Amino acid sequence: MTDIPVTLITGGGSGIGAATARQLLDKGQRVAVVGRGRERLDRFTKEAGEPAGLLTIQGDAGDWNVVRSAVATTLERFGRLDAVVANAGWATHDDIAEGDPAGWREMVLTNVLGPALLVRAALSALKESKGRIVLVGSVAGHAYSAGNIYGITKWAVTGLAENTRRQVTSDGVGVTLVSPGRTETPFWDEFGGLPDGLLLSADQVADSIVFALGQPSGVDVNTIIVRPIGQPA
């Protein structure tokens, strides 16, 4: 069992994170999933068939104590850590000119601080395993959109990915930024439903994450941008 890879995923109870966890579990790997809601985590566990190789941890990915505890719990349970996927994120769907600042703090903490905390907490174990870091960004972190606060946080993730790569590549740790376009996930639920046009599925984005995680030793794929056909920006 100690030779079976282990991946820790934040925001893994639904959407892209859950799809990634399922694909890794289907490959016979072991997965730890961090999510805010216990009910959602329990539902995911049941849907996945309650596999022995799945560990679920309830907590806020933007909280340092939660993140470092999640890494420690994963190491205690599985004995190793080969990869982390910083997937937790959300959007206020407003702009800098007329938006409500009340929601911005939590969005910044989740989208920007959260991935940085995960890197910090996991780096020692990933150096030991010569592992990989995947940061889930967004097309909004590459293409400018007027006043888009969410886009600002994802530009920060784009910068974090390259800064982290330069920090850790000499330690044998790989870093990949996966930036999806419009994707059908619960991300849209509180904003009146899905946008018009063709959307990616969570599994299609997970394909790119799993591809990055599966690269052979010595190969570092650094940036993957994946859009649905028909998305112009």
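Values in this document were obtained by computation on a predicted structure and should not be read as measured data.

Here we take up the overall build of the protein chain. Check the secondary structure of the protein chain and you find six helices and nine strands. Taking 2.2 N^0.38 as the reference for a compact globule, 233 residues should give roughly 17 Å; the C-alpha atoms of the protein chain span a radius of gyration of 17 Å, in line with that estimate. Referenced to the eigenvectors of the C-alpha coordinate spread, the extents of the protein chain come out at roughly 50 × 40 × 35 Å. Contacts in the protein chain between residues far apart in sequence, at least 24 positions, make up 66% of those at least 6 positions apart. A total of about 11200 Å² of accessible surface is found on the protein chain, and carbon and sulfur atoms cover 50% of it. In the protein chain, the 21 positive side-chain charges and the 25 negative ones have mean positions that sit 7 Å from each other.

Following the criterion strictly, the structure yields one aromatic pair and no others. Between Tyr144 and Trp155, the ring centres sit 4.7 Å apart and the planes meet at 20 degrees, which makes this aromatic pair stacked. Within this pair, whereas Tyr144 is found in the loop between β5 (132-136) and α5 (149-168), its partner Trp155 is found in helix α5, the two being separated by eleven residues in sequence. Trp155 sits in the partly exposed class, given a relative accessible area of 32%.

Here we come to the pattern of salt bridges. With the rule as written, the count across this model stands at eight salt bridges. The partner of Arg80 in a salt bridge is Asp82, with the nearest N and O atoms 2.7 Å apart. A relative accessible area of 23% places Arg80 in the partly exposed class. Linking Glu162 and Arg166 is a salt bridge whose minimum nitrogen-to-oxygen distance equals 2.7 Å. Within this pair, Glu162 and its partner Arg166 are both found in helix α5, separated by four residues, close to a single helical turn. Residue classification places Glu162 among the partly exposed positions, given a relative accessible area of 29%. Owing to a relative accessible area of 60%, Arg166 belongs among the exposed residues under this scheme. The network of salt bridges with shared partners includes Arg36, Asp60 and Glu106.

Attention shifts here to empty space enclosed by the protein. One pass over the structure, following the stated rule, counts two cavities of 30 Å³ or more. Along its surface, the largest cavity is lined by Thr10, Ala61, Ala86, Asn87, Ala88, Thr110, Gly114, Pro115 and Leu118. Tallying contributions element by element places helix α4 (residues 104-129) first for the lining of the largest cavity, with four residues. Broken down by class, the residue content of the lining of the largest cavity amounts to five nonpolar, four polar and no charged. Put simply, the second largest cavity is a space of about 30 Å³. What lines the second largest cavity is simply Leu8, Thr10, Val34, Asp60, Ala61, Val66, Val67, Ala70 and Leu118. Among the secondary structure elements, those contributing two or more residues to the lining of the second largest cavity are β1 (6-10) and α3 (64-78). The dominant element in the lining of the second largest cavity, judged by the number of residues it contributes, is α3, at three residues. Considered class by class, the residues forming the lining of the second largest cavity number seven nonpolar, one polar and one charged.

As a further point, take α3. With 15 residues, α3 should reach 21 Å at 1.5 Å per residue; the first-to-last C-alpha distance of 21 Å fits that figure. Listed as buried for α3 are Val67, Ala70, Val71, Thr74 and Phe78. Projection of α3 onto a plane perpendicular to its axis shows the buried side chains occupying an angular sector of 95 degrees, all on one side. Where α3 begins, one side-chain oxygen reaches toward the backbone nitrogen of Asn65, 2.9 Å away; that side chain belongs to Asp63. One or two positions beyond α3, positive phi appears at Gly79, with a value near 85 degrees.

About the thresholds
Note on numbering: residues in each chain are counted from 1, in written sequence order. The model is predicted, so local features are restricted to residues of pLDDT at least 70 and side-chain atom pairs to those at 80 or more, both for listing and for counting; the totals for chains, interfaces and linings are taken over all residues. Just so you know, side-chain values use all the structure's heavy atoms and leave hydrogens and water out. Counting from the N terminus, the helices are DSSP H or I runs at least four residues long and the strands are E runs at least two residues long. Between the two quantities, the radius of gyration covers C-alpha atoms and the globule rule is 2.2 Å times the number of residues to the power 0.38. The criterion used for residue contact is that any of the two residues' heavy atoms lie within 4.5 Å. Throughout, the Shrake-Rupley method with a 1.4 Å probe supplies accessible areas, and for residues the shown protein chains are the sole cover considered. Within this scheme the basic residues Lys and Arg register as positive and the acidic residues Asp and Glu register as negative, but His and the chain ends are omitted. To locate a charge, take atom NZ for lysine, CZ for arginine, CG for aspartate or CD for glutamate. A pair of aromatic rings is counted whenever rings of Phe, Tyr or Trp (Trp by its six-membered ring) have centres within 6.5 Å, and the orientation is called stacked for planes under 30 degrees apart, edge-to-face for over 60 and tilted otherwise. Remark: exposure states derive from per-residue accessible area (1.4 Å probe, protein chains only) relative to the maximum for the residue type, with buried under 20%, exposed over 50%, and partly exposed in between. Here a salt bridge means any side-chain nitrogen of Lys or Arg lying within 4 Å of a carboxyl oxygen belonging to Asp or Glu. Space inside and on the surface of the protein is sampled on a 1 Å grid over the protein atoms alone, with a cavity defined as a set of points where a 1.4 Å probe fits but cannot get out and a pocket as an open set with protein on both sides within 12 Å along at least 5 of 7 lines; lining residues have an atom within 4 Å of a point. Grid points are joined across faces, edges and corners, and a volume is the space filled by probe spheres set on the points. When residues are grouped by polarity, Ala, Val, Leu, Ile, Met, Phe, Trp, Tyr, Cys and Pro land in nonpolar, Asp, Glu, Lys and Arg in charged, and all others, Gly among them, in polar. To estimate how far a helix should extend, the number of its residues minus one is multiplied by 1.5 Å. As used here, the arc is the angular range of directions from the helix axis to the C-beta atoms. Counting of polar contacts relies on pairs of N or O atoms within 3.5 Å, with two restrictions inside protein: one atom must be capable of donating a hydrogen and the other of accepting it, and residues adjacent in sequence are counted only when both atoms are side-chain atoms.

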